[in-house]
Amino acid sequence: MRKLLLLLVLLLNYSGFAQNFDVDLNYYLPKDVTYDKSIPTPKSVIGHEVGEWHITHDKLVQYAYALADASDRITIEDRGKTFEGRALLLMTITSPANHRNLESIRTQHLSLVESGSGSLNTSNMPVVVYQGFSIHGNEPSGSNAGLAVAYYLAAAQGPKIDQLLNNTVILFDPSFNPDGLQRFAHWANTHKAQNINPDPNDREYREAWPGGRTNHYWFDINRDWLPVQLPESRARLKTFHNWYPNILTDHHEMGTNSSFFFQPGIPSRTHPLTPKKNQELTGMIAKFHAKALDQLGSFYFSEENFDDFYYGKGSTFPDINGGVGILFEQASSRGHAQESVNGVLTFPFTIRNQFTAALSTLEAAVSLRTDLLDYQREFYNNARKEAASGGAIVFGDEKDAAKAFHLAEILDRHKIEIHELKDEFTSDGKKYKKGHSYVVPMNQRQHRLIKAMFEKRTKFQDSLFYDISAWSFPLAFNLDYIENASMSRAGAKITNLKMRTPDTPNVSTYAYLMEWHEYYSPKALNMIFAEGLRAKVAMKQFSLEGKDYDYGTILIPIQNQDMNMADLTKFLAKVSRETKVPIHGVRTGLAEGIDLGSSNFRAVEQPKVAVLVGDGVSPYDAGEIWHLFDTRYDMQLTKLDTRSFGRTDLSRYTDIIIPAGWGSALDKGDAEKLKTWVQNGGSLIAFRSSGRFLERNELMKLKFKSRKDSATNVTFEQRRDYSGAKVIGGAIFEAKLDRSHPIAFGYKNDKIAMFRNTTLMIEPDANSYNNPIQYTTNPLLSGYVSKPNLKDLANTVPFKVSNMGRGEVIYFTDNTNFRAFWYGTNKLLMNAVFFGDKM
């Protein structure tokens, strides 16, 4: 009988979808409480029912402030702005009594993560829950459900809601991704018809490039919890560390033909640093979700498809910070209603499931309150016991203070204690200098998080990963580091982290020199070009006035410039001050090695760069490049849309970048147009899968490695796991560098760590000087790769360059700009841009 009733409920949910668009707020709300009529409903403020239209971020903000004004259960905080200037709001929701004592509650809660917490009594402490919605803007049921959840928490009356609010502090983040939410809401609402058409072929369900998933620069910000490179992440991370929530929920969507997922994920894909107790608590919380969704008649699944490995996701980041992260994935209507294998899936139905999961989370939090609080205390106490042996990590770069600073900046955002270097020293041939290096004590509260950020892991229980399998930060930043240093290396604890400022350039009447090692050297050179000044690059090493200068040193002559000597001196001092790049004045051109008048100083021209965007191009890869140029190096970058490429005058550009993509972004005619442009002197720079386009259209001769194998003793059920294990989903590999080649200018070591998430492999050239970057014989540094792939990758090359007429074609098999935190290989792209014609 129970199964028959469940079937009837499901049929009612999925049939007559048009009826669901007549729903009002009661469709979502529980019936076991009453509601305060003085609290404004969403419709009374935004002008439509929840789920009738897709909520835009401006209306979401409007309603949040209306609730805060009307309810003494809610306070609101504007924590900053997105790249597009939208507010990053946080609503704090709890009982009025708790609000009056909120700072004391927060301070007491934070005491659980500190030493000496054993005497604290958790029986009367509120549990802290961070509820976040729609970090992917085109997964909007979360933020739309947030309207109804916030109303419920403000308006519901009775003992049940009183118990909830008295025992819980809710950090309510109604939109993790305001820019993406706004973009997608505009798309869905623009294409909504009066007669809702659920045909999946309707344009409503096929949003235009780049889609609403990402933020302004097309980043997937749900991968940024650990690197914290984006303003949205920095705001929520500050909130996280201000409270250390016991539960953090992350409301997503997935394919239309699915159902509803809640964690735990696949057990074998949980990161080894996550305690078993965390997964036990996750399983206990899951029972509350199952019960609530059973009552609705909604299908769901758990312990499939998704994992808890990469700590840079919202649902996994809390697991290494003493909390429990919960991922929700709701089948997406991707508009207002769409046909699925389960019948017509309506937008209100997706919202109701998200609403239900939000409330079941809070019910679980209250029920498991002391378990969660005690676990948090236990997590940090055990971490301190693990850290009792002491020791430290030292990292830095004697030639590049900025890169080291930016890693220290990330650690600082994670409330990781860092120290100055006490004294300069050398270890294993690497010099660690004050102002260029930092010390991280291992004996501290965030011991486990430090391990997660610095570890190199090559052995795994499973061979499949939902996301990347490696992210070791010192490798990502291409820094020298020591994992087992003594705390005797540590100087003062840093309480106000600042980037090192170089000395003001000494006045010269002859020339200025700027080495290319510093991270912001490209920004400095671009500033110099922007003033119409001339510059040259050194193709060889030399010494002058007691200082050694490396390959790639930039020479700025004083004579024959469109700026007098005094103004040039002031300007270069400004460049050095703003970019933190040292610039040195010299009195003579007579050097050891090449003299400053040598033909081995080659003129560098100001680049005018364009990047291909639009249909067929990966928004992630294109966005990473755009972000790098625009926010790091302050360089103008023209975005060329693939749809109008055939009509574009390419003669305006010195460099064109083709990011990775899928399908055919450009056709044969476009390829011929590019070929002519290159022959006339252009530099074409291509990444990853675009190498196939180069090869197919004879823009570059490439010899890709290929492997043919067949499955043996693999069942039909195992076939997807078998295929997935052959993928390189994201690992770190070691490559050799020829530092005399222009692609390697600015690098001081002869090895580099490369991030790779592709199986594209190129055979090396017969001439070694044509292989300036080459994977080593045993290249795996961290992450998972199958044995056949590792064997194939050995001694291949991730970089090729070939001349064509007066121009050149440059190709990288790997992403040098991955997720904005792979600082260590950003300069490879900039070298291709500034020095491509020298290769």
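Look up a bit, the structure's there.
Worth saying up front: this structure is predicted, and the values here are computed from it rather than measured.

Conventions used here
- Within each chain, residue numbers correspond to sequence positions counted from 1 in written order.
- Whole-chain, interface and lining totals are the exception, using all residues; otherwise, since this is a predicted model, local features are given only for residues with pLDDT of at least 70 and side-chain atom pairs are given and counted only at 80 or more.
- In computing side-chain properties, one takes all heavy atoms of the structure into account and sets aside hydrogens as well as water.
- Helix numbers and strand numbers start at the N terminus; a helix is a DSSP run of H or I with at least 4 residues, a strand a run of E with at least 2.
- Here the radius of gyration uses the C-alpha set of atoms, whereas the globule reference equals 2.2 Å times the residue count to the power 0.38.
- Exposure classes here rest on a 1.4 Å probe applied to the protein chains alone. A residue is buried below 20% of its type maximum, exposed above 50%, and partly exposed in between.
- Residue contacts are counted whenever heavy atoms from the two residues lie within 4.5 Å of one another.
- Where accessible areas are quoted, they stem from the Shrake-Rupley method and a 1.4 Å probe; at the residue level, only the protein chains shown are allowed to cover.
- Asp and Glu are treated as the negative residues and Lys and Arg as the positive ones, with His and the ends of the chain left uncounted.
- Here the site of a charge means NZ on Lys, CZ on Arg, CG on Asp, or CD on Glu.
- Strands pair, by our definition, only if DSSP identifies at least two bridges between them.
- Paired rings are identified among Phe, Tyr and Trp, the last through its six-membered ring, by centres lying within 6.5 Å, and are further divided according to the angle between planes into stacked (under 30 degrees), edge-to-face (over 60) and tilted (the rest).
- Definition used: whenever NZ (Lys) or CZ (Arg) falls within 6 Å of the ring centre and also within 35 degrees of the ring normal, the charge is taken to sit over that ring.
- We call two N or O atoms a polar contact when they sit within 3.5 Å, provided that within protein one can donate a hydrogen and the other can accept it, with sequence-adjacent residues counted only if both atoms are side-chain atoms.
- For salt bridges, the criterion is a side-chain nitrogen of Lys or Arg within 4 Å of an Asp or Glu carboxyl oxygen.

A. Up close: the overall build of the protein chain. What the protein chain contains, in helices and strands, is 23 helices and 35 strands. Against the compact-globule benchmark of 28 Å for 839 residues, the protein chain has a radius of gyration of 28 Å, which places it among compact chains. Dimensions of the protein chain, computed from the C-alpha atoms along their principal axes, are close to 90 × 65 × 60 Å. Evaluated residue by residue, the protein chain yields a buried proportion of 62% over its 839 residues. Nonlocal contacts in the protein chain, meaning residues at least 24 apart in sequence, comprise 79% of its contacts between residues at least 6 apart. Per element, the accessible surface of the protein chain, about 32,400 Å² overall, is 46% carbon and sulfur. Between the mean site of the 96 positive side-chain charges and the mean site of the 94 negative ones, the protein chain shows a separation of 3 Å.

B. Geometry of the environment of leucine 112. Structurally, leucine 112 is set in the loop between α5 (102-111) and β4 (127-133). For the pair formed by leucine 112 and tyrosine 380, sequence separation is 268 residues and the distance between their alpha carbons is 8.1 Å. The residues contacting leucine 112, other than those within four sequence positions of it, are Ser117, Leu120, Thr122, Met125, Leu373, Gln376 and Arg377.

C. Quick look at the pairing of strand β19 (residues 511-514). The side-chain alternation of β19 yields two buried faces, one formed by Ala511 and Leu513 and the other by Tyr512 and Met514. Looking at chain direction, β19 and strand β24 (residues 584-586) are connected through three bridges and run antiparallel. The residue of β24 that forms the bridge with tyrosine 512 is glycine 585. Sheet analysis places β19 next to strand β23 (residues 554-557), joined by four bridges and oriented antiparallel. Bridge pairing in β23 links tyrosine 512 to isoleucine 556.

D. Focus on the packing of aromatic side chains. Under the counting rule described, the total for this entry stands at 55 aromatic pairs. Ring geometry for phenylalanine 240 against tyrosine 244: centres 5.9 Å apart, planes inclined by 70°, an arrangement best described as edge-to-face. Its relative accessible area of 0% is what places phenylalanine 240 among the buried residues. Pairing tyrosine 551 with phenylalanine 745 gives two aromatic rings, centres 6.5 Å apart and planes at 5°, and the pair type is stacked. Placement of the pair is tyrosine 551 in the loop between β22 (547-549) and β23 and phenylalanine 745 in the loop between β31 (731-737) and β32 (751-756), with a sequence separation of 194 residues. Considered together, tyrosine 551 and phenylalanine 745 belong to a single accessibility category, that of buried residues. Following the ring pairs from residue to residue traces out a cluster consisting of Tyr130, Phe176, Trp225, Phe240, Tyr244, Phe317, Tyr375, Phe379 and Tyr380. Looking at arginine 236, its charged tip hangs above the ring of phenylalanine 176, at a distance of 5.5 Å from the centre. Cation over ring: arginine 448 sits above phenylalanine 379, and NZ or CZ is 4.6 Å from the ring centre.

E. Examining the side chain of histidine 517 more closely. If you trace the backbone, histidine 517 turns up in the loop between β19 and α16 (521-530). Look at histidine 517 and you get buried, because its relative accessible area is 4%. A polar side-chain atom of histidine 517 sits 3.0 Å from a polar atom in the side chain of aspartate 550.

F. Expanded view of the pattern of salt bridges. Taken as a whole and assessed by the stated rule, the structure comprises 35 salt bridges. Among the salt bridges present, the one from arginine 377 reaches aspartate 374, with a minimum N-O distance of 3.0 Å. On the criterion of helical spacing, the pair formed by arginine 377 and aspartate 374 is a turn pair, its members being three residues apart in helix α12 (residues 369-386). Owing to a relative accessible area of 31%, aspartate 374 belongs among the partly exposed residues under this scheme. For arginine 688, the salt bridge goes to aspartate 621, with nearest N and O atoms at 3.1 Å. Of the two residues, arginine 688 is situated in the loop between β30 (683-687) and α20 (690-696) and aspartate 621 in helix α18 (residues 619-632); the sequence distance between them amounts to 67 residues. As far as burial versus exposure is concerned, arginine 688 and aspartate 621 are alike and both buried. One network of salt bridges, with partners in common, ties together Glu139, Arg213, Asp220, Arg223, Asp467 and Arg819.

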